[in-house]
Amino acid sequence: MQQIKGVGVSAGRSVGPLVRMPDPISEPAEGSPLDEADREAAASAIGDAAASVKADLQARAASASAEGKALLEATAMMAADPTLVNAAKKKVTSNGTAAPRAVWDAADEVAAMLESLGGYMAERARDVQDVRDRIVAELTGRPAPGVPVRDEPFVLAAVDLAPADTATLNPEACVGLVTAQGGPTSHTAILAKALGLPAVVAAPGVLDIAEGTVVLVDGSGGTVGLNPDE
């Protein structure tokens, strides 16, 4: 049985067909600077989009587990963080940057600052990027990132998972988690343990597995086995 090695962060074993998380929101184009007359409206749209994302995350928190509830509420507050929102608005009003691009750039600056701090704070950079993606999706009329829905139990594979994804997972539908990135203190690890889901992170090879392939997740050994026998 072919195996992919990663870091086991939640003990246990599970088996099921692999389902890929949809690709992240793509980076907005630079575009031409906005006219002076359009800048205030674009800046206002950023505030409205951030408020909408905050409300959605708070609604998710209401139906999440205790651990997920706390993480989702914290992420909801980040969506309306004046540091991020005001920085994005300033890029619009001062430079004429289109709203989606302004949010993207402002969030990248905040994430880079967190990553430079290392440790626990570096892990929170992923939360900022999740909020960024949700605000950009709101501004551009695209669906927000989310966990796929399937009729049978599955193993979820992703580049990484944000708190809004992991905190609302149904352990009866999603029986295991595998990610290409992340670490022992990531939200994926924390919530996988809380939900009792076997999980392996930091396994880049999982993104090369064809969707629908049956995999065996060993959260103790830190391996993902392809097409296990009976």
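Just above, that's the structure.
Residues numbered from 1 in each chain as written. Predicted model: local features only at pLDDT ≥ 70, side-chain atom pairs only at ≥ 80, totals over all residues. Heavy atoms only, no water.

(A) View of unusual backbone geometry. Located in the positive-phi region is Ala202, a residue other than glycine, with phi close to 55 degrees. Among the secondary structure elements, Ala202 is positioned in the loop between strand 6 (199-201) and strand 7 (214-218). Note on Ala202: relative accessible area 31%, which makes it partly exposed. The phi dihedral of Asn227 is positive, around 50 degrees, even though this residue is not glycine. By secondary structure assignment, the location of Asn227 is in the segment after strand 8 (223-226). (Helix = DSSP H or I, 4+ residues; strand = E, 2+ residues; numbered from the N terminus. Buried < 20%, exposed > 50% of the residue type's maximum accessible area, 1.4 Å probe, protein only.)

(B) Spatial organisation of the packing of helix 1 (residues 36-62) against helix 6 (residues 125-140). Two numbers describe how helix 1 lies on helix 6: the axes approach to 9 Å, and their chain directions differ by 120 degrees. What the angle tells us is that helix 1 and helix 6 run oblique. The two elements helix 1 and helix 6 meet at a crossing, and its hand is right-handed. Mapping the contact onto sequence places Ala45, Ile46, Ala49, Ala50, Ser52, Val53, Asp56, Leu57 and Arg60 in helix 1 and Arg134, Ile135, Glu138 and Leu139 in helix 6. Grouping the constituent residues of the contact of helix 1 with helix 6 by class yields eight nonpolar, one polar and four charged. (Axes fitted to C-alpha atoms, helices over the stretch in contact; angles between N-to-C directions. Parallel < 35°, antiparallel > 145°, perpendicular 65-115°, else oblique. Left-handed = near helix turned anticlockwise from the far one by under 90°. Contact = heavy atoms within 4.5 Å. Nonpolar A, V, L, I, M, F, W, Y, C, P; charged D, E, K, R; others polar.)

(C) How the structure looks around the nonpolar core. One finds Ile46, Leu57, Ala88, Val92, Val103, Val128 and Ile135 to be the most contacted residues of the largest nonpolar core, which totals 32 residues. Among the secondary structure elements, those contributing two or more residues to this core are helix 1, helix 2 (66-79), helix 3 (82-95), helix 4 (99-117) and helix 6. When residues of this core are assigned to their parent elements, the largest contribution, nine residues, is made by helix 4. Sequence-distant contacts of Ile135, that is, excluding residues within four places in its chain, are made with Ala49, Ala50, Val53, Ala79 and Val103. (Core = buried A, V, L, I, M, F, W, Y, C linked by side-chain atoms within 4.5 Å.)

(D) Summary view of the environment of Ile209. Relative to the helices and strands, Ile209 is located in the loop between strand 6 and strand 7. In this structure the C-alpha to C-alpha distance between Ile209 and Gly118, which are 91 residues apart in sequence, comes to 31 Å. If we ignore the near neighbours within four places in the chain, the residues touching Ile209 are Ile4, Leu18, Val215, Val224 and Leu226.

(E) Broad picture of the sheet that holds strand 6. Taking strand neighbours across the sheet as the criterion, the eight strands line up as 1-8-7-3-4-5-6-2 in an open arrangement whose pairing is mixed. The sheet is open, and its two edges are formed by strand 1 (3-5) and strand 2 (7-10), each paired on a single side. Sheet twist, expressed as the average angle between the axes of neighbouring strands with direction ignored, equals 30 degrees. With three bridges connecting them, strand 1 and strand 8 associate as antiparallel partners. Counterpart to Gln3 in the pairing with strand 8 is Gly225. (Pairing = 2+ DSSP bridges.)

(F) Structural detail: the packing of helix 4 against helix 6. At their nearest, the axes of helix 4 and helix 6 sit 9 Å apart, and the two run at 175 degrees to each other. Judged by the inter-axis angle, helix 4 sits roughly antiparallel to helix 6. Every residue of helix 6 that contacts helix 4 at Ala99, Pro100, Val103, Trp104, Ala107, Asp108, Val110, Ala111, Leu114 and Glu115 is listed here: Ala125, Val128, Gln129, Arg132, Asp133, Ile135, Val136, Leu139 and Thr140. Broken down by class, the residue content of the contact of helix 4 with helix 6 amounts to 13 nonpolar, two polar and four charged.

(G) Representation of the pattern of salt bridges. For the coordinates displayed, the defined rule picks out eleven salt bridges. Two residues, Glu109 and Lys91, come together in a salt bridge whose shortest N-O distance is 2.9 Å. In this pair, Glu109 is assigned in helix 4 and Lys91 in helix 3, connecting sequence segments 18 residues apart. Close ionic contact of Glu211 with Arg150 constitutes a salt bridge, the shortest N to O distance being 2.9 Å. Of this pair, Glu211 sits in the loop between strand 6 and strand 7 while Arg150 sits in the loop between helix 6 and strand 4 (154-158), and the two are 61 residues apart along the sequence. (Salt bridge = Lys/Arg side-chain N within 4 Å of Asp/Glu carboxyl O.)

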